[in-house]
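# Fold and geometry: a report
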Amino acid sequence: MPGNKRAAALLLAALAAAVSGQSMAADMAAAKAKAGQCFVCHGADGLAKVPDAPNLAGQNEGYLVKALKDYKSGKRENEMMNTMAKNLSDQDIALVAAYFSGIAVTVKAP
Ligand code: HEC
């Protein structure tokens, strides 16, 4: 029956959306857990908590990935960040970059 098929297709689509919604939430929880080690300086809200650290909230994901890879390889030098980044795998870098770039920001020019 075409009606049933259509209902089944809709149900499948809804299920797929629910499942991917759930796994996105799980990914974000994993990203937040991984980024926890950064919060003391960069903040859970991505706003720097120490004067020499930059804000990361809403930063471009690709920029964050590159910065972290450069700290990890030593191409970009900063004692604190070289130490932090050397313990991050590519997967960790993807997670923390997703976390900080995922923080919604609103801006107001001065
Ligand atoms: C002990 C404090 C501290 C911790 C912990 C720390 N950072 Fe940093 N971070 C800094 C400082 C200071 C800088 C500025 C370094 C520089 O001048 O290059 C920085 C710079 C960065 C930058 C470059 C930003 C830009 O605008 O170019 C990124 C990205 C970054 N940190 C990500 C992280 C991530 C991700 C973590 C956790 C894995 C982390 N940091 C943990 C202090 C910290």
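In what follows, the structure referred to is the one given above.
Calculation rules
Residues numbered from 1 in each chain as written. Predicted model: local features only at pLDDT ≥ 70, side-chain atom pairs only at ≥ 80, totals over all residues. Heavy atoms only, no water. Donors = N, O, S within 2.8 Å, 3.2 Å for Na, K, Ca; no water. Tetrahedral: all angles 85-135°; square planar, octahedral: opposite > 155°, others 65-115°. Helix = DSSP H or I, 4+ residues; strand = E, 2+ residues; numbered from the N terminus. Buried < 20%, exposed > 50% of the residue type's maximum accessible area, 1.4 Å probe, protein only. Salt bridge = Lys/Arg side-chain N within 4 Å of Asp/Glu carboxyl O. Near = heavy atom within 4 Å. Polar contact = N/O pair within 3.5 Å; in protein donor to acceptor, adjacent residues only side chain to side chain. Nonpolar A, V, L, I, M, F, W, Y, C, P; charged D, E, K, R; others polar. Expected span 1.5 Å × (residues − 1). Arc of directions from axis to C-beta.

## A word on the coordination of the iron atom of the ligand
Looking at the metal site, the iron atom of the ligand is ligated by H42 (NE2) and M81 (SD), spaced 2.0 to 2.2 Å from it. Bound by six donor atoms, the iron atom of the ligand shows angles of 87 to 178° at the metal and therefore octahedral coordination geometry. Residue H42 is located in helix α2 (residues 39-42), and its partner M81 is located in helix α4 (residues 79-86); the two are separated by 39 residues in the primary sequence. The class for H42 is buried, based on a relative accessible area of 9%. Residue M81 is classed as buried on the basis of its relative accessible area, which comes to 17%.

## A closer look at the pattern of salt bridges
According to the stated counting rule, one finds three salt bridges in the structure shown. Where D92 meets K34, a salt bridge forms, and the shortest distance between an N and an O atom there is 3.4 Å. Here K34 lies in helix α1 (residues 2-35) and D92 lies in helix α5 (residues 90-101), a separation of 58 residues in the sequence. Overall, D92 belongs to the buried group, its relative accessible area being 11%. Assessed through its relative accessible area of 27%, K34 is described here as partly exposed. For D70, the salt bridge goes to K66, with nearest N and O atoms at 2.6 Å. On the criterion of helical spacing, the pair formed by D70 and K66 is a turn pair, its members being four residues apart in helix α3 (residues 61-73). Given the relative accessible area of 13%, D70 is considered buried.

## Notes on the site of the ligand
Within the structure, the ligand sits among 21 residues, and C38, C41, H42, Y63 and M81 are positioned closest to it. In this structure, H42 approaches the ligand through a side-chain N or O atom, which is 2.8 Å from a nitrogen atom. Take R76: an N or O atom from its side chain is 2.9 Å from an oxygen atom of the ligand. Ranked by residues supplied to the shell around the ligand, first place goes to α3 with five residues. For the shell around the ligand, the per-class residue count stands at 16 nonpolar, three polar and two charged.

## Side note on α3
What sets the pattern is the α-helix's 3.6 residues per turn: residues three or four places apart point alike. Its 13 residues place the ends of α3 18 Å apart at the C-alpha level, agreeing with the 18 Å of an ideal helix rising 1.5 Å per residue. Listing the buried residues of α3 in full gives L64, A67, L68, D70 and Y71. Burial along α3 is one-sided: seen end-on, the buried residues are contained in an arc of 160°. Structural note: α3 exposes G62 and S73 on the side pointing more than 90 degrees away from its buried face.

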